[in-house]
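# Notes for the structure review
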Amino acid sequence: MGLNDSSPGAIRNGRALSDQWAESVVVRPRTTERHITVHKRLVLAFAVSILTLIIVTVVAVVLSVRFEECGGGRDRDGAAAAGEAGPRGEAGPRGAAKSNGSKGERSGDRADEEAAQPWRNSRLPGSVRPRHYDLRVAVNMDNFTFAGDVSVELECVNATRFIVLHADRLKVERVSVTAESGAGGRPANRPGGGAMRVHRHFPYPANQMYVVVLHRELKPARLYRLNVSFSAAIEDDLLGFFRSSYTVQREKRYLAVTQFSPIHARKAFPCFDEPAYKATFSLALRHDAQYAGLANMPLESSSPHEDGGVTDRFARTPRMSTYYVAWAVCNFTYRETQTDDGVTVRLYARPDAVASGAGDYALHITKRLLGFYQDYFKVQYSLPKLDLLAVPKHPYAAMENWGLSVFVEQKILLDAEVSSSSYQMEVTMVVVHEICHQWFGDLVTPVWWEDVWLKEGFAHYFEYVGTDFLFPKWNMEKQRFLTDVLHEVMLLDGLSSSHPISQEVEQASDIDRVFDWIAYKKGAALIRMLANVMGQTLFQKGLNDYLLSHMYGNAARDDLWSKLSQAMRSEGRDIDIGQMMDRWTLQMGYPVVTISKNQSEQLATHHATISQEHFLYGQELRSSNSLQWQIPLTVAMGNASSVSAERLIWIHNRSDHSSSVRWTIHPLFLMLGIEINQTGYYRVNYDLHNWKLLIQQLHNNLQIISVGNRAGLIDDAFNLARAGYLPQGVPLQLIGYLPGEPSFLPWHSASRALYQLDKLLDRTDEYSLFSDYVLKQVASRYHQMGWPARGPGGEGSVLQASYQTEELQRELIMLACSYGNKQCHRQAVAYISDWISSNKNRIPPNIRDIVYCTGVSLMDEDVWEFIWMKFHSTNAVSEKRILLEALTCSDNIFLLNRLLNLSLTSDLVPEQDVIDVIIHVGRNPQGRNLAWKYFREKWNILNARYGEALFMNSKLIGGVTEFLNTEKELNELKDFIKASGVGAGPAWPRALEIVEGNVRWHHIHRRQFFQWLRKPLSSALG
């Protein structure tokens, strides 16, 4: 990328220029035909003059070399190419570099100025700011290259001779700078039409920056224009401006699309690629006429060219950050609708997908969601259109580019004939998430990546709120949020390797680590907790003020706290939101709140003590930890037949590192519930006597305890036991009530908790003790619910029942088949056999993934080959995904190894699905060693392919290693990290801690666990 020119006579480090200048000024003696007699003193004086000039020349040459070295010559810290970019990289063509020796300049002062080298800092210096980009991009889909010109209108903030911006993997051809206007917008009155003389320009790859050094300073409050010509390849690595492909009637077709978040706009054009550097954009996109061009804004004009090309010009954008600028070149078709406010909504996809109606569902809900968010936030959608683009290959589920949101096909296309209700829910929530970003992220953008949760946390929270708007009976925010967000993120945040959701980010490489489930799910959980403390009316009022105050700009967490505090004060509630929330956002982890009640029956009143401490899975780490939080507790008391009214209690920090309150309660009332709606971000523990009372209550009259609390009790009990706060028997005895549980959510919570244990136990000799116990809890309810009925005419369809009933039935079938229920196995095999014999799939869509996996695991190699064939022949993206996952369920090591090799070395498996294949093979106890070995052997290939893509590498590392639980595997992991030199990434410390915790559980708790399972079920607690 250094753009070095190795031809003879090339100018390097300014040395040749300095020599030429020296030759031009050295005075050479003249000879004449006549003999001249010169006095000795005159000769001496003349000699001294010549000697002086020679000395001056040598000094000038030395200063010139020193000057160039200070200006970014050969860097000694990793960017040799940065300082010696050749004639193009240094100063551009056409003699711009010759101005290096212009007269009247003070080279010493310049050397001092350049010694600062602002491009060595990881952040942009801020001396200039972009106001507007005129961007022209010419796309060549024949050889997958593009070339462009960008003209950036700049405002000078502080006097400087440097323009430092971002560029990565771009070949810069030409650079020029002009003065646009003086203060107050007056035209610049400069010779040469305002052209500024460029001393040199060069890349600095270490920070993915490009540096333009000028001869004269830019003046504050004046406007300038930076013009850069560049070119690059359209790569296939999923970032920047990349290509993808799909097949139509056996013809391979290509498209090119952008993915700029978080720091990849710089791969497509030189820009100020930090979120605070907002500007407006005008885009002209040239491409072959067989393609269509898409961008953030509507198409304004399209001009054909004689060579068969066309140039599309798009409307000017509002002020926006570079990371959600977007364009695409494709030959997709679309369907469209329009909101009541006149916003045009289109869904673009492969022609066959559009024709089949696979995009109609997403198009329909997007129209409704734009209206919902406008009503909720009381802020209008800002653009005249919103396009949804479904692409075959993408590094993430979706990207919220303003006005042009991009989705991987699996997260937006829905085939009503074969898609399950769980798949419909997944598609719904991805669309809800991305539409929310049009406000939180696009309209108002975090100042810097340390507060990425300000957009991702809100979007993740509104996945559940927005889905409830579309489907109120799903009850997502009150129920599925608990298991899918709250309980899941607490697994990660209970590790000592966790981090605060707001954390410092300096280097570009650090940005990846803030895009994780802590930012998304913990951010959502804290926002939900805050919304419940404030109340929905005040919460919405604060959000409206926040959005209106910062629209088209940037905001930090303190800006949000300020607006929410103002909303609270407007109703006379003087709560400092910032003071409360800083404990939750600037500290890692969360507390466990312990409730203990005195047992004296002699007293007229009882006292309950509520205390907090930092919850950690590693017991050895707790003694030195003194983190405290301001905790809003929603508490209710109860007895066997009733529950008292809710009460809000605040737990504050205390100087003695213990935070506790004493609460007087009536002796007839038992501590049967805390956190009634499960809105807090903490776990709750009780004394053993109260756990006994809770378990008895669940057996006798479970309706006294809310559905959310029942799910929360199960998750807390299993995790408190795993961390050593409770005996191992408590959670096992707790789920003994499940045969009488009629609701989906507690079953789902139990299923997830049991899965964590299953990973620890599925290769042990005593595994059957555990699986038999689970089947005893499942059997009666499973037989009662049965299987979904087949649809009319023998076609597979989901049971016409409520969503909750449907999901409970699916959960029970999954548990029964997973833990070895013989009737469940027979039913799955019968479904697969019928499909093979009739070539007609009558399996209800809602349980196809369970049936496919069970059939592949129990049946012979021919079934695997049948599923492999169906995977390649189906066009339904939801069906493709579950067929591919089913292939990983085989007990045949040869077939699993074949699948692993085909996924990585061929085009038969989509690139973004390769990671899922490896992880699912690892989930299979028969394939665990194979996946772990394969992962280590192919690490260099996998890391090269997915290393830059957020989530992908950490998903792969966590997915493969979370099942490791022996001393041998722990040592293998340590050796691999040490040998590969990959220990610095955030995913590795987390993986190591999880595996260490798995091994520790076996050492400390496994024996007690199996001892309890051997006891009669009527045995005492503990």
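Residues numbered from 1 in each chain as written. Predicted model: local features only at pLDDT ≥ 70, side-chain atom pairs only at ≥ 80, totals over all residues. Heavy atoms only, no water.

## Considering the overall build of the protein
Across its full length, the protein holds 32 helices and 29 strands. Across the 1022 residues of the protein, 58% fall into the buried class. If you sum the accessible surface of the protein, you get close to 41,300 Å²; carbon and sulfur atoms cover 50% of it. (Helix = DSSP H or I, 4+ residues; strand = E, 2+ residues; numbered from the N terminus. Buried < 20%, exposed > 50% of the residue type's maximum accessible area, 1.4 Å probe, protein only. Areas by Shrake-Rupley, 256 points an atom, 1.4 Å probe, with all protein chains shown as cover.)

## Here's the deal with the state of the cysteines
Scanning the model with the defined rule gives 2 disulfides in all. With its sulfur 1.9 Å from that of its partner, C817 forms a disulfide with C824. On the S-S bond that ties C817 to C824, the torsion sits near -95°, and the link is left-handed. Within the protein, bonded cysteines paired by disulfides and numbered along the sequence follow the pattern 1-2, 3-4. (Disulfide = S-S within 2.5 Å.)

## Description of the sheet that holds strand 9 (residues 240–248)
As summarised here, the arrangement of the 4 strands in space is 9-10-15-12, forming an open sheet in which the pairing is antiparallel. The outermost strands of the open sheet, each flanked by one partner alone, are strand 9 and strand 12 (292–295). On average, each strand axis in the sheet is inclined to that of its neighbour by 15°, with strand direction left out of account. (Pairing = 2+ DSSP bridges. Axes fitted to C-alpha atoms, helices over the stretch in contact; angles between N-to-C directions.)

## Some details on the packing of helix 29 (residues 952–961) against helix 31 (residues 987–1004)
Packing of helix 29 against helix 31 leaves a shortest axis separation of 10 Å and a crossing angle of 15°. As far as their axial angle goes, helix 31 and helix 29 are roughly parallel. The interaxial crossing formed by helix 29 with helix 31 has right-handed handedness. Contacts between helix 29 and helix 31 involve S954, I957 and T961 from the former and A987, W988, A991 and V995 from the latter. (Parallel < 35°, antiparallel > 145°, perpendicular 65-115°, else oblique. Left-handed = near helix turned anticlockwise from the far one by under 90°. Contact = heavy atoms within 4.5 Å.)

## Some thoughts on the confidence of the model for the protein
Residues of the protein with pLDDT of at least 70 account for 81%, and the chain-wide mean is 85. When the criterion is pLDDT under 50, residues 1–38 qualifies, and its contacts beyond four places in sequence or with other chains add up to 46 contacts. (pLDDT = per-residue confidence, 0-100.)

## Observations regarding unusual backbone geometry
In the segment running from S261 into P262, the intervening peptide bond is cis, with an omega of -5°. Checked against the element boundaries, P262 lands in the loop between strand 10 (251–259) and strand 11 (280–288). One non-glycine residue, F144, lies in the positive phi region at around 55°. The topology assignment puts F144 in the loop between strand 1 (128–140) and strand 2 (145–156). With a relative accessible area of 17%, F144 lands in the buried category. Even without a glycine there, the phi angle at K378 is positive, about 60°.

## Remarks on the packing of helix 9 (residues 453–470) against helix 11 (residues 517–534)
Two elements in contact, helix 9 and helix 11, have axes whose closest approach is 7 Å; the angle formed by their N-to-C orientations is 70°. As far as their axial angle goes, helix 11 and helix 9 are roughly perpendicular. In the crossing of helix 9 with helix 11, the sense of the turn from one axis to the other is right-handed. Every residue of helix 11 that contacts helix 9 at W453, E456, G457, F458, H460 and Y461 is listed here: W517, A519, Y520, K521, G523, A524, I527, R528 and A531. Counted by class, the contact of helix 9 with helix 11 contains 9 nonpolar, 3 polar and 3 charged residues. (Nonpolar A, V, L, I, M, F, W, Y, C, P; charged D, E, K, R; others polar.)

## Observations regarding the sheet that holds strand 3 (residues 160–166)
Reading across the sheet, the 3 strands line up as 3-7-6 and stay open at both edges, with antiparallel pairing between neighbours. Where the open sheet ends on each side, the last strands, each with one partner, are strand 3 and strand 6 (198–204). Averaged over all pairs of adjacent strands, the angle between strand axes in this sheet comes to 20°, irrespective of strand direction.

## Here's the deal with the packing of aromatic side chains
As enumerated under the stated definition, the model contains 67 aromatic pairs in all. Considering the side-chain rings of W449 and F515, the 5.6 Å spacing of their centres and the 50° angle between planes classify their relative orientation as tilted. With W449 in the loop between strand 21 (444–446) and helix 9 and F515 in the loop between helix 10 (476–493) and helix 11, the pair connects residues that are 66 residues apart, well separated along the chain. Taking relative accessible area as the criterion, W449 reaches 3% and is therefore assigned buried. By relative accessible area, which is 5% here, F515 ends up buried. Taken together, a centroid distance of 6.4 Å and an interplanar angle of 70° make the contact between W932 and F976 edge-to-face. One end of the pair, W932, is in helix 27 (residues 928–937); the other, F976, is in helix 30 (residues 967–980), with 44 residues separating them in the sequence. Note on W932: relative accessible area 2%, which makes it buried. (Phe/Tyr/Trp six-rings, centres within 6.5 Å; stacked < 30°, edge-to-face > 60°.)

## Some words on the pairing of strand 13 (residues 299–304)
Relative to strand 14 (residues 309–314), strand 13 runs antiparallel, the two being bridged by 5 bridges. When the sheet's bridge partners are listed, P304 is paired in strand 14 with V310. Where strand 13 hands over to strand 14, the hairpin turn is made up of 4 residues, of which G308 adopts a positive phi near 90°.

## Things to note about the environment of A179
Its location among the elements puts A179 in strand 4 (residues 171–181). A179 gets classed as buried once you look at its relative accessible area, which sits at 10%. Put simply, A179 and R222 are 43 residues apart on the chain and 8.0 Å apart in space, counted from C-alpha to C-alpha.

## Some words on the side chain of E993
Counting through the fold element by element, E993 comes out in helix 31. Here E993 occupies a buried position and makes no salt bridge, while the nearest side chain of opposite charge, R1000, is found at 6.0 Å. With sequence-adjacent residues up to four places away left out, E993 is seen in contact with L495, S496 and S497. (Lys, Arg positive; Asp, Glu negative; His and termini not counted. Salt bridge = Lys/Arg side-chain N within 4 Å of Asp/Glu carboxyl O.)

## Remarks on the pattern of salt bridges
If you walk through the whole model with that rule in mind, you get 48 salt bridges. A salt bridge links E865 to R898, with the nearest nitrogen and oxygen atoms 2.6 Å apart. You can see E865 sitting in helix 23 (residues 861–873) and its partner R898 sitting in helix 25 (residues 893–905), a full 33 residues away along the chain. Shared partners join several salt bridges into a network, and the residues in it are R131, D134, E153, E180 and R225.

## Considering the side chain of N554
By secondary structure assignment, the location of N554 is in strand 22 (residues 553–555). Separated by 3.0 Å, the side chain of N554 and the backbone oxygen of P275 make a polar contact. Side-chain polar atoms of N554 contact the backbone oxygen of P446, separated by 3.3 Å. N554 has contacts with P275, A276, K278, S321, T445, P446 and V447, leaving out every residue within four places of it along the chain. (Polar contact = N/O pair within 3.5 Å; in protein donor to acceptor, adjacent residues only side chain to side chain.)

## Let's talk about the environment of G947
Along the chain, G947 falls in the loop between helix 28 (939–946) and helix 29. Residues G947 and D512, spaced 435 residues apart in sequence, show a C-alpha to C-alpha distance of 9.8 Å. Discounting residues that sit within four places of it in the chain, G947 has contacts with D512, L942 and N953.

## A word on helix 12 (residues 536–550)
Under the 1.5 Å per step criterion, the end-to-end length of helix 12 is 21 Å for 15 residues, consistent within 8% with the ideal 21 Å. For helix 12, the set of buried residues is L538, F539, G542, L543, N544, Y546, L547 and H550. Next to the buried residues of helix 12 lie helix 7 (360–377), strand 21, helix 9, helix 11, strand 22 and helix 13 (557–570). Within two residues after helix 12, Y552 carries a phi angle of roughly 65°, on the positive side. (Expected span 1.5 Å × (residues − 1).)

## Looking at the environment of Y361
Positionally, Y361 belongs in helix 7. Leaving out residues up to four positions away in the same chain, Y361 has contacts with L414, Q424, V427, T428 and F471.

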